[in-house]
Amino acid sequence: MSAAAGTLGRAPRRSLASQRRWALWGSYTALTVFVLMFLVPPFYTVMTSLKSSAEISGQRGSPWIAHHPTLENFIYLINYPTFRTFFFNTVMVTLVVVAVTMVISVLAAFSLARMGFWGSQTLATGVFLTYLIPASLLFLPLFQVIGTLGLINNLWSLALIYPTLSVPFCTWIMIGYFSSIPKELDEAALIDGAGYLQMLSRIFIPVAMPGIIAATIFAFTVSWGQFLYPMAYLYTTNQMVLTVGIISDLIRGDVFQWGKIMAACVIAAAPPVLIYAFLMDYYISGLTAGATKG
Amino acid sequence: MSNASGLAGAAIAQAPARVRSGGSGMRRFMRQRSTIALLMCLPLILMIALLIVYPAIYAIYLSLMNKKMTRFVGLGNFTFLLRRDTFQLVLFQSCLFAITAVVLKAVIGFILAHLMHNIPSRNQRIWRGLLLVPWVIPLAMSTLTWWWMFDPTYSAFNWVLNQFGFKSIPWLGVGWTARFCTIAVNVWYGTPFFMIMYLAALKSVPEQLYEAAAIDGANAVQKLFLVTLPMMRNIISITVLFSLIVTFADFDIVRILTAGGPQDLTHVFATYAFQVGIQSGDIPLGASVSLFMLPILAVAAYFVLRGVNRRSREMAA
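Analysis parameters
Residues numbered from 1 in each chain as written. Chains lettered and ligands numbered in written order. Predicted model: local features only at pLDDT ≥ 70, side-chain atom pairs only at ≥ 80, totals over all residues. Heavy atoms only, no water. Helix = DSSP H or I, 4+ residues; strand = E, 2+ residues; numbered from the N terminus. Buried < 20%, exposed > 50% of the residue type's maximum accessible area, 1.4 Å probe, protein only. Areas by Shrake-Rupley, 256 points an atom, 1.4 Å probe, with all protein chains shown as cover. Rg over C-alpha atoms; globule rule 2.2 N^0.38 Å. Patch = residues over 30% accessible without salt bridge, like charges linked within 9 Å, V, L, I, M, F, W, Y side chains within 5 Å. Salt bridge = Lys/Arg side-chain N within 4 Å of Asp/Glu carboxyl O. Phe/Tyr/Trp six-rings, centres within 6.5 Å; stacked < 30°, edge-to-face > 60°. Core = buried A, V, L, I, M, F, W, Y, C linked by side-chain atoms within 4.5 Å. Domains from an automatic or database assignment. Contact = heavy atoms within 4.5 Å. Buried area = accessible area lost by both parts, 1.4 Å probe. Polar contact = N/O pair within 3.5 Å; in protein donor to acceptor, adjacent residues only side chain to side chain. Disulfide = S-S within 2.5 Å. pLDDT = per-residue confidence, 0-100. Nonpolar A, V, L, I, M, F, W, Y, C, P; charged D, E, K, R; others polar. Lys, Arg positive; Asp, Glu negative; His and termini not counted. Charge placed at Lys NZ, Arg CZ, Asp CG, Glu CD.

**Considering the overall build of chain B**
Phase 1: Looking only at helices and strands, chain B has 16 helices and zero strands in total.
Phase 2: By residue count, 51% of the 317 residues in chain B fall in the buried class.
Phase 3: A total accessible area of about 15,000 Å² is found for chain B, and carbon and sulfur atoms account for 67% of it.

Structure, rendered in structure tokens:
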């Protein structure tokens, strides 16, 4: 590009370079503005979580800064048995859902991407279609289903339902990753006498590890943050997960609980944010895989 | 499963025979391969059949029943809803919410993706990391923060307005302002997704096309409309339609921020279905409310699928 500009003479190149520099600085400025706007709510969450109830009720000066930062909200929550229950319930449900999701979707994706059977193409399309069916369309009939199974107000109803949200997309990502593995690898494995399950566990899973990590992250974030199902099916605090627990237990029409509520939000948002911070590339590849991979 | 591996074992044991018998043995082998494949898909098929397809059909059945689910009322629930003023508001607000939010997200996401594309790629990581934060925080949690920032007496936004000498705004207390707030939160949450998708699409446009356009004397606007947009068309449409589905079905933001108020002005399908179905205990009527989403979703899903299939054909070619 610069060589081409060089042959055209000096003056245009200089103006092109300065044009580029201006575009660059303009981009940085605009991006800074957007980043600041985007980060206002998380910033305010953290600031409020560091305020005492007295500071929130007797607001003096800017509400955007904690004038006397304190960790009392976090200490209160850690010693609050109900909140601990919410946290451990969420962890249990999420672990089970992630495990179930990955087993179902890896097996199915391997089968759909490599083995195939009568109607497997239709099934692959169907899997993608089910991913497009939102929870808000199914939560009322599922309420009846859960009721028939006697699982209303039972934490494990979530473990049963959440895979419907995570499995279709995870299967879809895994089909994409498995299809990109060269066919020569499985032919070599078959000649060496490997069965299909061995082929899956010795070759496909190790080679498609980035896809597996991306799918795991997706399943984790879906089941960690789901709100509609627990809101509809759970009503006692001992069964609740973080998202509904914080809203129904900590909000009691009392303004001065907000320090604790925001501290609870920080704790509830920490695991997904930490995973994102350390595994950003996998997270993003999972996000874009749906449209760009397959 | 043990049955399947037993079959596979038998196939290996009979391998020499198969070689001799030729075609029919090969067919049997293929049949066994597809049996194993079907078994591996079985958990997925069962899950989709029992927890997605069955409830979806059951929703249609439910919507044709009366409140106690004892009597068949035909389309009575639907005609009842369409005559109610509250539901007409829900229809209007759902469309307003979804269309406005998706258009804003698409435009801002497009601008952000271009800004990101302008800066050197070694710096893109950190900026992308910061811009994606709204998408990463669980939506229910960040919406709580927004609610607290819109709080009538302690609103942090009103403090800023007051500093500049403006009057406080009752953010969630007045119809159109509350509608604007729910849309703003959705845009804040969803824009990073558009940015990421568009950035991936921008990176896949070959640089030579821009050089060719520059040689032909195209200006920036012409490059945008004649090179960038046509090349990105497929991803743009997939992202927009996908987001349209998700935004139409949104529950968290409206439920937490306003719970449908003031005067039911901010209700969307999901929150109204929740209020009617779970809180008032009229599950058939609630199911009818959410079924109003079905035509919109079906049309969007059809085009998403078409786009995705075309995309995979392009990738294969």
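The structure having been displayed, the exposition proceeds.
**What to know about the overall build of chain A**
Phase 1: Helices and strands together make up the secondary structure of chain A, namely 16 helices and zero strands.
Phase 2: The C-alpha atoms of chain A give a radius of gyration of 25 Å, which is well past the 19 Å a tight globule of 294 residues would have.
Phase 3: Based on the C-alpha atoms only, the size of chain A along its principal axes is roughly 75 × 70 × 35 Å.
Phase 4: By the burial criterion, 54% of the 294 residues in chain A qualify as buried.
Phase 5: Accessible surface, chain A: about 12,800 Å² in total, of which carbon and sulfur atoms supply 68%.

**A few points about a nonpolar patch on the surface**
Residues and elements named next belong to chain A.
Phase 1: Taken together, the side chains of M92, V96, V100 and W156 make up a nonpolar region of the molecular surface, amounting to roughly 310 Å² of accessible area.
Phase 2: Relative to the helices and strands, M92 is located in helix α5 (residues 81-115).
Phase 3: Here M92 falls in the partly exposed class, since its relative accessible area comes to 38%.

**Describing the packing of aromatic side chains**
Phase 1: Under the defined criterion, the tally for this structure stands at 48 aromatic pairs over all chains.
Phase 2: Considering the side-chain rings of F110 of chain B and Y198 of chain B, the 5.8 Å spacing of their centres and the 75° angle between planes classify their relative orientation as edge-to-face. Residue F110 of chain B is located in helix α5 (residues 85-118), and its partner Y198 of chain B is located in helix α10 (residues 175-203); the two are separated by 88 residues in the primary sequence. Accessibility classification places F110 of chain B together with Y198 of chain B in one group, the buried group.
Phase 3: Taking the centre distance of 5.5 Å and the plane angle of 40° together, the rings of F150 of chain B and W171 of chain B count as tilted. Remark: W171 of chain B occurs in the loop between α9 (156-163) and α10 and F150 of chain B occurs in the loop between α8 (139-149) and α9; sequence separation between them is 21 residues. The same class applies to F150 of chain B and to W171 of chain B, which are both buried.
Phase 4: Joined through ring pairs, the aromatic side chains of F128, Y131, F169, W172 and F218 of chain A together with F110, W135, Y189, F193, F194, Y198 and F242 of chain B make up one cluster.

**Concerning the nonpolar core**
A general tendency of soluble globular proteins is for nonpolar side chains to be buried together.
Phase 1: F139, F178, Y229 and I246 of chain A are the most contacted members of the largest nonpolar core, which has 195 residues in total.
Phase 2: Three or more residues apiece are contributed to this core by two domains, here domain 1 (2-49) and domain 2 (80-292) of chain A.
Phase 3: Leaving out residues up to four positions away in the same chain, I246 of chain A has contacts with F83, F86, I251, I261, A264, C265 and A268 of chain A together with M141 and L144 of chain B.
Phase 4: The next biggest cluster of nonpolar side chains, apart from the first, holds six residues, and it includes F97, A101, V187 and V254 of chain B.

**Digging into the interface of chain A and chain B**
Where interface size is given, it is often the accessible area lost as the parts come together that is meant.
Phase 1: Contacts between the two partners involve 98 residues from chain A, matched on the other side by 95 residues from chain B.
Phase 2: Of the roughly 8,600 Å² buried at the junction of chain A and chain B (both faces included), carbon and sulfur atoms supply 81%.
Phase 3: By the criterion of area lost to chain B, the three top residues of chain A are F38, L137 and L140 of chain A, representing 8% of everything that side buries.
Phase 4: For the pair chain A and chain B, the number of links is two salt bridges.
Phase 5: The residue D281 of chain A makes a salt bridge to R128 of chain B at a minimum N-O spacing of 3.3 Å.
Phase 6: In this structure, the connection of chain A to chain B is made through twelve residue pairs in polar contact (both at pLDDT 80 or more).

**As for unusual backbone geometry**
Phase 1: One non-glycine residue, N153 of chain A, adopts positive backbone phi at about 55°.
Phase 2: Checked against the element boundaries, N153 of chain A lands in the loop between α7 (135-148) and α8 (155-161).
Phase 3: The phi angle at Q263 of chain B is positive, at roughly 50°, despite the residue not being glycine.
Phase 4: Inspection of the secondary structure puts Q263 of chain B in the loop between α13 (252-257) and α14 (269-279).

**Things to note about the side chain of R114 of chain A**
Phase 1: Examined against the element boundaries, R114 of chain A turns out to sit in helix α5.
Phase 2: From its side chain, R114 of chain A meets the backbone oxygen of F178 of chain A in a polar contact 3.4 Å long.
Phase 3: Within the local environment of R114 of chain A, its side chain forms a polar contact with the backbone oxygen of I181 of chain A, the two atoms lying 2.4 Å apart.
Phase 4: Leave out the neighbours within four places in its chain, and R114 of chain A touches F178, S179, I181, P182, K183, D186 and F204 of chain A together with R33 of chain B.

**Comments concerning the side chain of N73 of chain A**
Residue and element names in this part refer to chain A.
Phase 1: Residue position: N73 is located in helix α4 (residues 72-78).
Phase 2: The buried category is assigned to N73, whose relative accessible area is 1%.
Phase 3: Polar side-chain contacts of N73 include one of 2.8 Å to the backbone oxygen of K51.
Phase 4: Setting aside residues no more than four positions away along its own chain, N73 makes contact with T48, S49, K51, G259, K260 and A263.

**A look at the state of the cysteines**
Covalent bonding between the sulfur atoms of two cysteines is what defines a disulfide.
Phase 1: For the coordinates displayed, the defined rule picks out zero disulfides over all chains.
Phase 2: Here C41 of chain B is not cross-linked by a disulfide; its sulfur's nearest cysteine counterpart is in C170 of chain A, at 15 Å.

**Thoughts on the pattern of salt bridges**
Phase 1: One pass over the structure, following the stated rule, counts three salt bridges over all chains.
Phase 2: The salt bridge involving R114 of chain A is made with D186 of chain A; its shortest N-O contact spans 2.9 Å. Pair noted here: R114 of chain A is in helix α5 and D186 of chain A is in helix α10 (residues 183-191), with a separation of 72 residues, a long-range link.
Phase 3: Three or more residues are tied together by salt bridges with common partners; here these are D281 of chain A together with R125 and R128 of chain B.

**Re the confidence of the model for chain B**
All names here are of chain B.
Phase 1: Confidence along chain B averages 84 in pLDDT terms, with 89% of residues attaining 70 or more.
Phase 2: Within the model, pLDDT remains below 50 along residues 1-22, and this stretch shows eleven contacts once partners closer than five positions in the same chain are excluded.
Phase 3: Interface confidence for the predicted complex, given as ipTM, is 0.87, next to a pTM of 0.86.

**Description of the domain arrangement of chain A**
Residue and element names in this part refer to chain A.
Phase 1: As far as domains go, chain A holds domain 1 (2-49) and domain 2 (80-292).
Phase 2: For domain 1 versus domain 2, the distance between C-alpha centres works out to 37 Å.
Phase 3: When the buried surface of domain 1 facing domain 2 is broken down by residue, T45, T48 and S49 rank first, second and third, together holding 91% of it.
Phase 4: Put simply, domain 1 and domain 2 have zero salt bridges between them.
Phase 5: Of the residues that constitute the side of domain 1 that touches domain 2, the class distribution is one nonpolar, three polar and no charged.

**Description of a positive patch on the surface**
Residues and elements named next belong to chain B.
Phase 1: On the surface, R233, R306, R310 and R313 cluster together into a positively charged patch.
Phase 2: The element best represented in the positive patch is helix α16 (residues 294-316), accounting for three residues.
Phase 3: For R233, a relative accessible area of 58% corresponds to the exposed category.

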